[in-house]
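Fold and contact review
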Amino acid sequence: MKLIGPFKQIVTLANLSLRGKLSDDQLEIIVDGGVVVNEGKIQKVGNFEELRSENQDIDIEFIKGEQIALPAFVDSHTHICFGGNRANDFAMRNAGKTYLEIAESGGGIWSSVQHTRNASEEELLKTLLERINFLISLGITTIEIKSGYGLDVENELKMLRMIKKAQQQTQATLVPTCLSAHLKPRDFEGSNQEYLNYIINDILPKVKEEGLAKRVDIFIEKSAFQPEESKDFLLKTKDLGFEITVHADQFTPGSSRIAVEVGAKSADHLEATIDEDIDFIAQSDTVATALPGASLGLGEKFTPARKLLDAGAILAIASDWNPGSAPMGNLITQASILATYEKLTTAEVLAGMTFRSAYALGLEDRGKLEQGLKADIVTYSTNNFQNVLYNQGSLKAENVYIDGIKQN
Ligand SMILES: [Zn+2]
């Protein structure tokens, strides 16, 4: 057991609701606070001096200078296991080239598939761990990671096995998701339907057997999989015992409805969601995940986060870090910018990157600084927590704790 502190402010996020809008005066801010950690869990959060006098013999981990503490962040949507780089796609898109022109010149998702297939296991693992360590340095200690650049049995399993291997080499929690239904690979001979059957019959049983992922994702979009075939696929994966998440409504509306109907844990993207479907999502337990990094990478509009919150949805904010449409990877910067465009309160942004995104991953043991929860904490050298979003990601995390242990 130890006491960490004193912190100028601790923003606990305690007592905030899982769904709907939040105001900043609902934030619990403990001034001159401390956190008692026991066996990786939070034992108590309160005034540092009071905690110290309650536990005379307690070990104290003193904080240098003035710092504030927040629950560490949860990035509930990434594609950070990949080979290659798509800087040329980015440059071409900004130069006005179309999706088709980029694909014809050797770019697009297919290029990431080729690079990922060609990458050795060592290379994939090394770059994956570098990205994980970058995220930890931002205060992100729980990271969802999708497959989806292998698109055949061998390479989808290779990706998921590397994610599993990475888990053995990091203290961060990695949550793997099978996204074999990212798109039908060019070298698959058969229809979309036949490819989805191939995933069900050939990929998912092996994923299950090796314990590589408990979640399945699909990209429902004109250029990927169509609504009806996707719904059928999702119901089958559910029967196999997988949790579901969906890439929904990125460019065209309609698929978030399917996500809700099949009971998905989350519907992610939603840039094109229509008002009627916003209400439909808001009345469900499916988390609406905004991915501002994709809007910033593509120059597209943001997810209607304000409307979703006002309607009562559970809004998470994640990075979508991937080599094509969201190359930045800095969730704090992205969420801060989303807040300025969508008019989100600090409480709503912090909730979206912590306990609400944790809920999307089925992890209800983290995301707030409350007794009994996982002691994952991020601190900043500042005397005002508002500076974290105000600096739009340029205020670097000072210390990152996982299970109460300092990582840096
Ligand atoms: Zn994505």
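Remember, predicted model here, so these are calculated numbers, not experimental data. (Residues numbered from 1 in each chain as written. Predicted model: local features only at pLDDT ≥ 70, side-chain atom pairs only at ≥ 80, totals over all residues. Heavy atoms only, no water.)

Regarding the nonpolar core
The biggest cluster of nonpolar side chains holds 104 residues, and the ones touching the most others in it are Ile132 and Met353. No other element matches the eight residues that helix α7 (residues 192–209) contributes to this core. Both of domain 1 (2–71 + 367–406) and domain 2 (74–360) provide at least three residues apiece to this core. Counting residues in each nonpolar core, the second largest holds 14 residues, with Ile4, Ile30, Ile63 and Tyr401 among its members. (Core = buried A, V, L, I, M, F, W, Y, C linked by side-chain atoms within 4.5 Å. Buried < 20%, exposed > 50% of the residue type's maximum accessible area, 1.4 Å probe, protein only. Helix = DSSP H or I, 4+ residues; strand = E, 2+ residues; numbered from the N terminus. Domains from an automatic or database assignment.)

Points about the confidence of the model for the protein chain
Taken residue by residue, the protein chain gives an average pLDDT of 97. The fraction at 70 or more is 100%. Predicted confidence in the protein chain is weakest over helix α3 (residues 99–104), with a mean pLDDT of 87, and strongest over strand β13 (residues 315–317), with 99. (pLDDT = per-residue confidence, 0-100.)

Some remarks on helix α13 (residues 331–342)
For α13, spanning twelve residues, the distance from its first C-alpha to its last is 16 Å, which sits close to the expected 16 Å at 1.5 Å a residue. Most of α13 is tucked away, with ten of its twelve residues classed as buried. Where α13 is concerned, the buried positions are Leu331, Ile332, Thr333, Gln334, Ala335, Ser336, Ile337, Leu338, Ala339 and Glu342. Looking at the residues trailing α13, positive phi occurs at lysine 343, about 60°. (Expected span 1.5 Å × (residues − 1).)

What to know about the coordination of the zinc ion
When four donors bind a metal tetrahedrally, each ideal donor-metal-donor angle is 109.5 degrees, and when six bind octahedrally, the ideal angles are 90 or 180 degrees. Protein-derived coordination of the zinc ion comes from His77 (NE2), His79 (NE2), His247 (NE2) and Asp320 (OD), at a distance range of 2.1 to 2.2 Å. What the four donor atoms of the zinc ion show is an angle range of 85 to 168° at the metal, which sorts the shape as irregular. For the zinc ion, the single-chain donor residues occur in sequence as H-x1-H-x167-H-x72-D. In this pair, histidine 79 is assigned in the loop between β6 (73–75) and α2 (87–94) and aspartate 320 in the loop between β13 and α13, connecting sequence segments 241 residues apart. In this pair, the class of histidine 79 matches that of aspartate 320, namely buried. (Donors = N, O, S within 2.8 Å, 3.2 Å for Na, K, Ca; no water. Tetrahedral: all angles 85-135°; square planar, octahedral: opposite > 155°, others 65-115°.)

Overview of helix α4 (residues 109–118)
Summarising burial for α4: seven of the ten residues are buried, a large majority. Buried residues of α4: Ile109, Trp110, Ser111, Ser112, Val113, Thr116 and Arg117, and no others. In the core, the buried residues of α4 are packed alongside α5 (121–137) and α6 (153–167). (Contact = heavy atoms within 4.5 Å.)

Digging into the pattern of salt bridges
Within the structure shown, the criterion is met by 22 salt bridges. Where aspartate 89 meets arginine 86, a salt bridge forms, and the shortest distance between an N and an O atom there is 2.7 Å. For aspartate 89, a relative accessible area of 5% gives the class buried. With its nearest N and O atoms 2.8 Å apart, the salt bridge here joins aspartate 365 to arginine 366. In this structure aspartate 365 comes out as partly exposed when scored by relative accessible area, which is 30%. Residues joined by salt bridges that share partners form a network here, namely Glu144, Lys146, Arg215 and Asp217. (Salt bridge = Lys/Arg side-chain N within 4 Å of Asp/Glu carboxyl O.)

Things to note about the UniProt feature "domain: Amidohydrolase-related" (unreviewed entry) in the protein chain
Following the UniProt record, one finds the feature "domain: Amidohydrolase-related" (unreviewed entry) at residues 68–384. Secondary structure across residues 68–384 comprises 44% helix and 15% strand; the distance between its end C-alpha atoms is 7 Å. (UniProt positions renumbered as here; feature names shortened; annotations may be inferred.)

As for unusual backbone geometry
The omega torsion across glycine 5 and proline 6 is -5°, close enough to zero to call that bond cis. Its place among the elements puts proline 6 in strand β1 (residues 2–11). In the Ramachandran plot, leucine 13 falls in the positive-phi region, its phi being about 65° despite a non-glycine side chain. By secondary structure assignment, the location of leucine 13 is in the loop between β1 and β2 (29–38). Residue leucine 13 is classed as buried on the basis of its relative accessible area, which comes to 1%. Non-glycine residue glutamate 39 carries a positive phi angle of around 50°. Positionally, glutamate 39 belongs in the loop between β2 and β3 (41–47).

Some details on the packing of aromatic side chains
Note on aromatic pairs: each is described by the distance of the centres and the angle between the planes. Per the counting criterion, the structure on display carries seven aromatic pairs. With a centroid separation of 5.2 Å and an interplanar angle of 70°, the aromatic rings of phenylalanine 188 and tyrosine 195 are classed as edge-to-face. Arranged with centres 5.5 Å apart and planes meeting at 45°, the rings of phenylalanine 188 and tyrosine 198 form a pair that is tilted. Taken together, the residues span a long stretch of sequence, with phenylalanine 188 in the loop between β8 (173–181) and α7 and tyrosine 198 in helix α7 at a distance of ten residues. Accessibility expressed as a relative area gives 19% for tyrosine 198, which makes it buried. Among the aromatic residues, those joined into a cluster by ring pairs are Phe188, Tyr195, Tyr198 and Phe225. Note that lysine 208 overlies the ring of phenylalanine 242, its terminal NZ or CZ placed 6.0 Å from the centroid. Looking at arginine 257, its charged tip hangs above the ring of phenylalanine 280, at a distance of 4.0 Å from the centre. (Phe/Tyr/Trp six-rings, centres within 6.5 Å; stacked < 30°, edge-to-face > 60°. Lys NZ or Arg CZ within 6 Å of the ring centre and 35° of its normal.)

Structural notes on the layout of surface pockets
Roughly 670 Å³ of volume is contained in the largest pocket. What lines the largest pocket is a set of 33 residues, among which Arg86, Tyr99, Ile109, Phe219 and Phe251 lie closest to the centre. Those elements that provide at least two residues to the lining of the largest pocket are α2, α3 and α4. Per-element accounting of the lining of the largest pocket gives the leading share, four residues, to α3. Looking at the lining of the largest pocket residue by residue, the classes come out as twelve nonpolar, twelve polar and nine charged. Along the wall of the second largest pocket there are 21 residues; nearest its centre are Val175, Pro176, Ala213, Lys214 and Arg215. Breaking the lining of the second largest pocket down by element, the ones donating at least two residues are α6, β8 and α7. Broken down by element, the lining of the second largest pocket gets its largest block of residues, four residues, from β8. Of the residues that constitute the lining of the second largest pocket, the class distribution is ten nonpolar, five polar and six charged. (1 Å grid on protein atoms, 1.4 Å probe; cavity = no way out; pocket = protein on both sides within 12 Å on 5 of 7 lines; lining within 4 Å. Points joined across faces, edges and corners; volume = space filled by probe spheres on them. Nonpolar A, V, L, I, M, F, W, Y, C, P; charged D, E, K, R; others polar.)

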